[in-house]
Structures are given as structure tokens and as C-alpha cells.
Amino acid sequence: MNDTQRPLIGVLALQGDVREHFAALAGAGAEPRTVRRPEELAEVDGLVIPGGESTTISKLAVAFGLLEPLRERVRAGMPVYGSCAGMIMLADKILDPRSGQETVGGIDMIVRRNAFGRQNESFEAAVDMADVEGGPVEGVFIRAPWVESTGAEVRVLARHDGHPVAVRQGRLLATSFHPELTGDHRVHEAFVAMVRGTADR
Amino acid sequence: MSSTSPAASAAASGNTPETGTARVKRGMAEQLKGGVIMDVVTPEEAKIAEDAGAVAVMALERVPADIRKDGGVARMSDPDMIDGIIGAVSIPVMAKSRIGHFVEAQLLQALGVDYIDESEVLTPADEVNHSDKWAFTTPFVCGATNLGEALRRISEGAAMIRSKGEAGTGNVVEAVRHMRQIKAEIGRLKSLDNHELYAAAKELRAPYELVREVAELGKLPVVLFSAGGVATPADAALMRQLGAEGVFVGSGIFKSGDPAKRAAAIVKATTFYDDPKVIADASRALGEAMVGINCDTLPESERYASRGW
């Protein structure tokens, strides 16, 4: 652990909205750092897997030898937060994977990619999220996945239209939507608190 | 596709989901950052692009190199071809409409494409007006050769900008010129005080509010990609080092000797754009690059970048 009060949190920077997560983490009291290589991963206290194209992120993680180190750190208890494509990367299983699409896994759930539809169906809606104080968060859903089913260890933190769209299992947090696009840092603050909590144990 | 529309869920929850908002349109482009968008003309090519790690494909009937060769009027693609490509891949599918041809854009929206490129590569349908892009749920990307042009497109509703370059040439020189121009003009705006921004808006022929926003942000308010002439992994990395947040590759992939390998190499070089060792490794044994055209031998009538205003 680096500075407990201002933990060093990586943003997986293979592809996607890295800059927005970077800004949200800084606003939520963390020290953000981009992660593209195993040695960069080894230095961080926690990690965000950003929104992006899950097939692209998965292929690049395999090509650059990051997938196994990511799995090892997740098994060892590193806190990780994934939004949209990041949620897909944290799922143990994808309902409709493309050929060779690997995930890091860690959350006992099955996700359905693009479940809310294509871009024309992408939407904004208020989301009531457990563990986040101060009223609903603005949910920005872009070709978003939803959680099809969850194992016993998974807590569903929020639903939209009956489908789980925010979940937590242990130190892993995932949302279908993109709080990083809203300027509201409460979800990132909840994650930073999880990372700080690891230091206490 | 979801069986329940957001509208239906709104009635149930009393919480009204909104589609087609600026945040949803611009946010979609944010998800493409650091990625490569590849021109494809068949479902098979679309699958090769997806397998190589493309973040999206651009569905079109002919790549720009063939549009140059064949001549004639270049129009929106055949709906069956677009359907075939949408059905073949899970990544976003973009398609091109002619400049000012808002009915082609309406058709593309009805076909369910994820992004519309109002593109100078097709033959313009209107020599004065671009389409009113605010009127659509589907977001638009538009080309620009300078900052004023980029801001005019954004004021018409474009949710993403790409520098134009010179499509179908395999020559990166124009892409570099346009990216440098846009970045230099943004840099200049940052150095101006509030009094000077009004005159700057007049010079740029762009709305004052957008000019002020760029001066404050130090960047465009939407994602900026590069396009037009990228043919090698080093070209893609060059455009990223010059400030592009991602790249479009048109003829450069499927007009080369080994498209699958070159596509994957360009994806790697786009992510590790600042690591010459990775780019060098990705550049090995790619086979022939597309032949390419010297841009200074192109007659004015064949310069696509001068279309649009």
C-alpha cells in the first residue's frame, strides 16, 4: 500500500474512456495512474477497468501479457471497479462472447453484452444505488450490458428496468453505466473507500 | 436488442430514460478512444476487423482507394450490405452519408447504425449546407481540416470530429497537416484573453460559445480522431502522438497484403503509440502496404478534403 489517505489507483489504459476515470479518481481523493504493463499493475493499490470496447480490451490484455497478472491480483484481493466494458471484464461468464473473448473474472455473474440495445437505444436515467449516499446517481447507459444472473456472494446494488446494473462481490465493484461521464464522483468515492479499507485489514 | 424499450421501462418506474442526449452521443465516442475504426465492405472483412481488435467498423460499399479508381458518384451504401455487417459483428457499426444528404442519414438511423459519418469521401449532395445533426438520435462524426470547420460541425450537432486527411491515398501527409492545424489553433485560443475571444470567433467563423469552451478546456468539447491516409502502425502512432485520440483506417488495411495481421498491428501501435519498441515489433512481417498516392500530384477536383466548408 502506498499513501493510505491518497491510494494509488490504476486505470487500465489499453483502450476506452481512461481520461474520464482519471479525473473522477483524482476528484474522489485518489492518486490515479495509467496501467498498460504488468510492472505498472504491480505498483497500484486498486484498479479501474474503464468503459470502452470489451472485445478490444480483452484482446489487448492477452496480447500484452496482462490477463494472467490481472487475474492473480484479483485473486489476491486487489479492489477493482469496472464500468460498462469493465463490468464485462469482471464477469466470470459472458452470455454471448465473441470468439476468443477472455475476461479477468472475479464476480460470480453472467453478463449480457449490449443488452439494453444499440446506440440509438442508449439512454440516461436516474439510478438508486445502495452504498451511495445523497440520492440517485445519473446513469449514462451506452450500448450497455446488464447482469443476467448472479451467484450467492454477489450483492446487487442497483437495478434498471428490473435488471441488475450495479453489483459488488467482496472488493470488486461493477456498473453497467458510466459515472465517469457525469462529473458526480460518488461512485468513485465509494470505490476509493473500498481501496482504503484494504489497508486496514 | 433488448425486448423492452427504455420508453416502456419509464412508464413502469416513473423515471424517464432519455435517448439521443448530447451526453449519450458524445459519451459513445469517449468509449472509442485509444482505438482503431476500420473501413470494411463485407461481413467477412467486418469479422476480420473485430478479431483484430477494432473498436468499430465503418460499413461502406467501396473503400476510398476504389472510389478514387472507379470515379462516378459515391453514395450511401446498400441497406442489405449494412444489415449484413451489423449482423456479423458485436462491435459498433458506423456508415457514411453524403454531406447535406439528410435523407441518407435518416435511412442510416432507421437501419440502426451506431454512428453516422457525414463524409467528404462520398460525393456531396449539398454545396452549402451540412445536415442538421441535432435532429437525429444517432450520433454523427464529421471531418475537419481546421478548428473553425470542426466547431461549425459541432454547432450543427456533430458528437465526434476526425481530421480529414486525404482518404484513399495511403499518404499520411494531409492527416498530419490537418491535425497540426487543429492543435495549433486550439493552442492559440488558450493564450487569448476574454476580450480577444470574440474576434477569434469571427476569424474562425465559429460560434463564440464554442470558441470560449475550447479556450477553457484546451481541447475540443468532443472526441478528436484522425483519418485519411493512415497505412502503417507507425502512421497510427504518429497521429496519436500529434494529439489524435484514436484513428480511422480506410483503404490502408484491406488494400494491403495481409489485412488481418496489419489490422492487429495497427491496433497495438495505437494503444502503445508512445513506445517505439512495441510499434517496431508490431511492424514486422506485415507484407505489402498499400501502394499509395503522392498528394501533390492529385488534381484539385480529386481532393476530398476540400469538400465541406
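Every value quoted in this text rests on a predicted model; they were computed, and no experiment measured them.

Here's the deal with the overall build of chain B
Along the backbone of chain B there are 14 helices and 9 strands. A compact globule built from 309 residues would reach a C-alpha radius of gyration of about 19 Å, and chain B, at 19 Å, matches this within 12%. If one aligns the C-alpha atoms of chain B with their principal axes, the spans along those axes are about 55 × 50 × 40 Å. The proportion of buried residues among the 309 residues of chain B is 60%. Sequence-distant contacts in chain B: of pairs separated by 6 or more residues, those separated by 24 or more amount to 66%. As presented, chain B carries roughly 11,900 Å² of accessible surface, and 51% of it is formed by carbon and sulfur atoms. Charge separation in chain B, taken as the distance between the mean sites of 34 positive and 42 negative side-chain charges, equals 3 Å.

Remarks on the sheet that holds strand β6 (residues 107-112) of chain A
Residues and elements named next belong to chain A. Within the open sheet, the 3 strands sit side by side as β5-β6-β9. Their pairing is mixed. The open sheet has two free edges, formed respectively by β5 (91-94) and β9 (146-150), since each of these has just one partner strand. Ignoring strand direction, the axes of neighbouring strands in this sheet form an average angle of 40 degrees. Where β6 and β9 come together, 4 bridges link them in antiparallel fashion. Paired with V111 across the strands is V147, a residue of β9.

Quick notes on the interface of chain A and chain B
At the junction of the two partners, chain A supplies 45 residues and chain B supplies 53 residues. Surface buried jointly by chain A and chain B totals about 3,800 Å² across both partners, of which 49% is contributed by carbon and sulfur atoms. In terms of surface lost to chain B, no three residues of chain A exceed R118(A), N120(A) and E124(A), which account for 18% of the buried area on that side. At the boundary of chain A with chain B, the tally comes to 10 salt bridges. Where chain A packs against chain B, one counts 30 residue pairs in polar contact (both at pLDDT 80 or more). Broken down by secondary-structure element, the contributors of at least two residues to the side of chain A that touches chain B are α1 (18-27), α3 (54-63), β7 (123-127) and β8 (137-141) of chain A.

Topic: the packing of aromatic side chains
Residues and elements named next belong to chain A. Counted according to the given criterion, the structure contains 10 aromatic pairs over all chains. Judged by centre distance (6.0 Å) and plane angle (45 degrees), the ring pair of Y81 and F191 falls under tilted. Pair noted here: Y81 is in strand β4 (residues 80-83) and F191 is in helix α6 (residues 186-200), with a separation of 110 residues, a long-range link. Each member of the pair Y81 and F191 is classed as buried.

Quick notes on the pairing of strand β1 (residues 8-12) of chain A
All names here are of chain A. Where burial is concerned, most of β1 is hidden: 5 out of the 5 residues are buried. Burial of the side chains of β1 extends over both faces: L8, G10 and L12 are buried on one face and I9 and V11 on the other. The sheet contact formed by β1 and strand β2 (residues 31-35) spans 5 bridges and is parallel. Residue pairing across strands places I9 opposite P32, the latter belonging to β2.

Quick notes on a negative patch on the surface
A cluster of acidic residues, E61(B), D78(B), D80(B) and D83(B), forms a negative patch at the surface. Checked against the element boundaries, D83(B) lands in helix α5 (residues 79-88).

What about the packing of helix α7 (residues 147-155) of chain B against helix α10 (residues 208-217) of chain B?
If you want to describe how two helices pack, look at the angle between their axes and the distance between the axes. Residue and element names in this part refer to chain B. Look at α7 against α10: their axes get within 10 Å of each other, and the N-to-C directions meet at 115 degrees. The chirality of how α7 crosses α10 is right-handed. Within the contact between the two elements, α7 uses L151, I154 and S155 and α10 uses L210, V211 and V214. The class makeup of the residues in the contact of α7 with α10 is 5 nonpolar, 1 polar and no charged.

Notes on the sheet that holds β8(A)
Strand order in the open sheet formed by 3 strands is β8(A)-β7(A)-β1(B), with antiparallel pairing between adjacent strands. Every interior strand has two partners, whereas the edge strands, β8 of chain A together with β1 (18-19) of chain B, have only one. Bridge analysis of β7(A) against β1(B) gives 2 bridges, and the strand direction is antiparallel. Bridge assignment links F123(A) to a residue of β1(B), and that residue is T19(B).

Brief notes about the environment of G20(B)
Within the element layout of this structure, G20(B) appears in the loop between β1 and α2 (22-32). If we skip the residues at most four places from it in the chain, G20(B) touches S122(A), K25(B) and T137(B).

Re the packing of helix α8 (residues 173-190) of chain B against helix α9 (residues 194-204) of chain B
Residue and element names in this part refer to chain B. Where α8 contacts α9, the axes come no closer than 11 Å and their chain directions differ by 160 degrees. With respect to α9, the element α8 is oriented roughly antiparallel. The chirality of how α8 crosses α9 is right-handed. Contacts between α8 and α9 involve E185, R188 and L189 from the former and L197, A200, E203 and L204 from the latter. Per-class residue counts for the contact of α8 with α9 are 4 nonpolar, no polar and 3 charged.

Let's talk about the confidence of the model for chain B
Of the residues in chain B, 95% have a pLDDT of 70 or more, and the chain-wide mean is 92. The low-confidence segment residues 1-14 of chain B, where pLDDT is below 50, has 18 contacts with residues more than four positions distant or belonging to other chains.

What counts, and where the lines are drawn
Residues numbered from 1 in each chain as written. Chains lettered and ligands numbered in written order. Predicted model: local features only at pLDDT ≥ 70, side-chain atom pairs only at ≥ 80, totals over all residues. Heavy atoms only, no water. Helix = DSSP H or I, 4+ residues; strand = E, 2+ residues; numbered from the N terminus. Rg over C-alpha atoms; globule rule 2.2 N^0.38 Å. Buried < 20%, exposed > 50% of the residue type's maximum accessible area, 1.4 Å probe, protein only. Contact = heavy atoms within 4.5 Å. Areas by Shrake-Rupley, 256 points an atom, 1.4 Å probe, with all protein chains shown as cover. Lys, Arg positive; Asp, Glu negative; His and termini not counted. Charge placed at Lys NZ, Arg CZ, Asp CG, Glu CD. Pairing = 2+ DSSP bridges. Axes fitted to C-alpha atoms, helices over the stretch in contact; angles between N-to-C directions. Buried area = accessible area lost by both parts, 1.4 Å probe. Salt bridge = Lys/Arg side-chain N within 4 Å of Asp/Glu carboxyl O. Polar contact = N/O pair within 3.5 Å; in protein donor to acceptor, adjacent residues only side chain to side chain. Phe/Tyr/Trp six-rings, centres within 6.5 Å; stacked < 30°, edge-to-face > 60°. Patch = residues over 30% accessible without salt bridge, like charges linked within 9 Å, V, L, I, M, F, W, Y side chains within 5 Å. Left-handed = near helix turned anticlockwise from the far one by under 90°. Nonpolar A, V, L, I, M, F, W, Y, C, P; charged D, E, K, R; others polar. Parallel < 35°, antiparallel > 145°, perpendicular 65-115°, else oblique. pLDDT = per-residue confidence, 0-100.

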